[in-house]
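Read off the chains here:
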Amino acid sequence: MDRDRADHPLTDRDPGPGVAAAVSRYLDHLSVERGLSDHTLQAYRRDLARYQAAMAARGRATIAQVTAGDVAGFLAGLRDGGENHAPLAASSAARAVAAVRGLHAFAAAEGMAGSDVAGQVRPPAPPRRLPRAIGVAEVERLIAAAGAGEEPGDPRPLRDRALLELLYGTGARISEAVGLDVDDLGEPAPVLRLSGKGGKQRIVPVGRYAREAIDAYLVRARPTLAAGSRRARPSPAVFLNARGGRLTRQGAWGILRAAAERAGLAGISPHTLRHSFATHLLDGGADVRVVQELLGHASVTTTQVYTLVTVDKLREVYAAAHPRARG
């Protein structure tokens, strides 16, 4: 740090370095002392060149003259676009704001400015992505494709169908499904106990299709998989791999991906069936608080994101049912 500048406030006689000089010193700092990659430095250089031009247009000759309002205005300009550039995506704007905030923190620490005017300016939040749900017919196609083409007598198709039926039928996270033990399956009531985030447990009902698939797997396939284990004590897990051990998250994801490829469905992720479970319940008229309990969400606001997915359904029902909906 330049202690002479840090110990003595900037004055009209000594306004400090210009914005361009401050940017140059900051980039040198990032390169030499922080060791940033060339790719990252190039991105910072582009962002700060745009910032330097914006400050020049505002008449800010030195870094010390820049205000918090200038920084906020620069951010707004990034998101709105201008004569020289199109509106930036939230991620690109966030990177530019990070560069500007770093510049001003450095300038304040080095005594080039009296304070860090960008410290309170927050980068834009990325747009909230809606969960992707697939239709009931697509779910049926996906489950039907699980294990298709395997050799006769192979226990894995029954396991794979049971896994996908459970994911869709209960809204379980994939980690919750592979974490299930046989003792977690309720008897005689069609329920199971799931261990969610933070070790919180919840009881969820299991529909007929899922229960029948799980029963078929437990009776006709799981014993064969368990026989492949070399361990002295058999695994308590519901879903087993070919070696008789607990199926991993990666293994379950591989099952889902393979079924999606066979069914010709793109963009399927481990959360797709959970999202579809929630969306289809809401489409069917389920109360959002009931869906919250079934999903294991701590707050109903987390569940309410699914209501955005069903807006088209609401419009459809309104248009068909309301006497004043048709103009």
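Keep in mind that this is a model prediction, so the values were computed, not measured.

Enquirer: Would you explain the pattern of salt bridges in this entry?
Expert: Opposite charge on two side chains makes pairing possible when the charged atoms of those side chains draw close. In this structure the tally under the stated criterion is 12 salt bridges. Residues R95 and D47 are paired through a salt bridge, measuring 2.8 Å at the closest nitrogen-oxygen approach. Taken together, the residues R95 in helix α5 (residues 90–109) and D47 in helix α3 (residues 38–57) connect sequence positions 48 residues apart. For R95, a relative accessible area of 33% puts it in the partly exposed group. Residue D47 is classed as buried on the basis of its relative accessible area, which comes to 2%. We note a salt bridge from R211 to D215, for which the minimum N-O separation is 3.5 Å. Of this pair, R211 and D215 both sit in helix α9 (residues 208–220), 4 residues apart, roughly one helical turn. On the accessibility criterion, D215 (32% relative accessible area) is partly exposed. Within this structure, R58, R60 and D70 form a network of salt bridges that share partners.

Enquirer: It is not clear to me how helix α6 (residues 136–145) should be interpreted in this structure. Could you clarify?
Expert: One full turn of an α-helix is made of 3.6 residues, so residues set three or four places apart face in the same direction. Buried residues of α6: V139, L142, I143 and A145, and no others. Buried residues of α6 fall within an arc of 165° about the axis and therefore sit on the same side. Facing away from the buried side of α6 by over 90 degrees, the exposed positions are A137 and E140. Considering only its buried residues, α6 is in contact with α7 (156–170), α11 (249–263) and α12 (272–283). G147 sits one or two residues past α6 and shows a positive phi near 80°.

Enquirer: Explanation requested: the packing of aromatic side chains in the structure shown.
Expert: Within a pair of aromatic rings, the relevant descriptors are the distance that separates the centres and the angle that separates the planes. Enumeration according to the criterion identifies 3 aromatic pairs in this entry. Their ring planes at 45° and their centres at 5.6 Å tell us that Y26 and F106 sit as a pair that is tilted. In this pair, Y26 sits in helix α2 (residues 19–32) while F106 sits in helix α5, placing the two residues 80 residues apart along the sequence. Accessibility expressed as a relative area gives 4% for Y26, which makes it buried.

Enquirer: Would you take a moment to explain the packing of α6 against α11 for this structure?
Expert: Each packed pair of helices is defined by two parameters, the angle between the axes and the distance between the axes. Between α6 and α11, the least distance of the axes is 8 Å, while the angle of their chain directions is 110°. When the interaxial angle is binned, α6 and α11 end up roughly perpendicular. Where α6 crosses over α11, the handedness of that crossing is right-handed. Counting all contacts with α6, which are made through R141, L142 and A145, the residues of α11 involved are L256, A259, A260, R262 and A263. By residue class, the composition of the contact of α6 with α11 is 6 nonpolar, no polar and 2 charged.

Enquirer: I keep staring at α12 and nothing clicks. Help me out?
Expert: Look at α12: 16 Å from first C-alpha to last across 12 residues, which is about the 16 Å you get at 1.5 Å a residue. With 10 of 12 residues buried, α12 lies mostly within the body of the structure. The complete set of buried residues in α12 reads T272, L273, R274, H275, S276, F277, A278, T279, H280 and L282. A positive phi of about 100° marks G285, the residue just after α12.

Enquirer: Is there a simple way to think about the confidence of the model for the chain in this case?
Expert: Averaged over every residue, the pLDDT of the chain is 83; the share at 70 or more is 82%. Looking across the chain, the model is least confident in helix α1 (residues 3–7), with a mean pLDDT of 39, and most confident in α6, with 95. Counting interchain partners and residues more than four positions distant, the pLDDT-below-50 stretch residues 1–12 has 17 contacts.

Enquirer: Sorry if this is basic, but what is going on with the environment of H297 here?
Expert: Along the polypeptide, H297 turns up in the loop between α13 (288–295) and α14 (300–303). Spatially, the C-alpha atom of H297 lies 9.1 Å from that of K197, the residues being 100 residues apart in sequence. Apart from the residues lying within four places of it in its own chain, the contact partners of H297 are R173, R274, Q292, T302, T303 and Y306. Within the structure, the side chain of H297 is placed 3.4 Å from the side chain of R274, a separation counted as a polar contact.

Each value, and the rule that gives it
- Residues numbered from 1 in each chain as written.
- Predicted model: local features only at pLDDT ≥ 70, side-chain atom pairs only at ≥ 80, totals over all residues.
- Heavy atoms only, no water.
- Salt bridge = Lys/Arg side-chain N within 4 Å of Asp/Glu carboxyl O.
- Helix = DSSP H or I, 4+ residues; strand = E, 2+ residues; numbered from the N terminus.
- Buried < 20%, exposed > 50% of the residue type's maximum accessible area, 1.4 Å probe, protein only.
- Arc of directions from axis to C-beta.
- Contact = heavy atoms within 4.5 Å.
- Phe/Tyr/Trp six-rings, centres within 6.5 Å; stacked < 30°, edge-to-face > 60°.
- Axes fitted to C-alpha atoms, helices over the stretch in contact; angles between N-to-C directions.
- Parallel < 35°, antiparallel > 145°, perpendicular 65-115°, else oblique.
- Left-handed = near helix turned anticlockwise from the far one by under 90°.
- Nonpolar A, V, L, I, M, F, W, Y, C, P; charged D, E, K, R; others polar.
- Expected span 1.5 Å × (residues − 1).
- pLDDT = per-residue confidence, 0-100.
- Polar contact = N/O pair within 3.5 Å; in protein donor to acceptor, adjacent residues only side chain to side chain.

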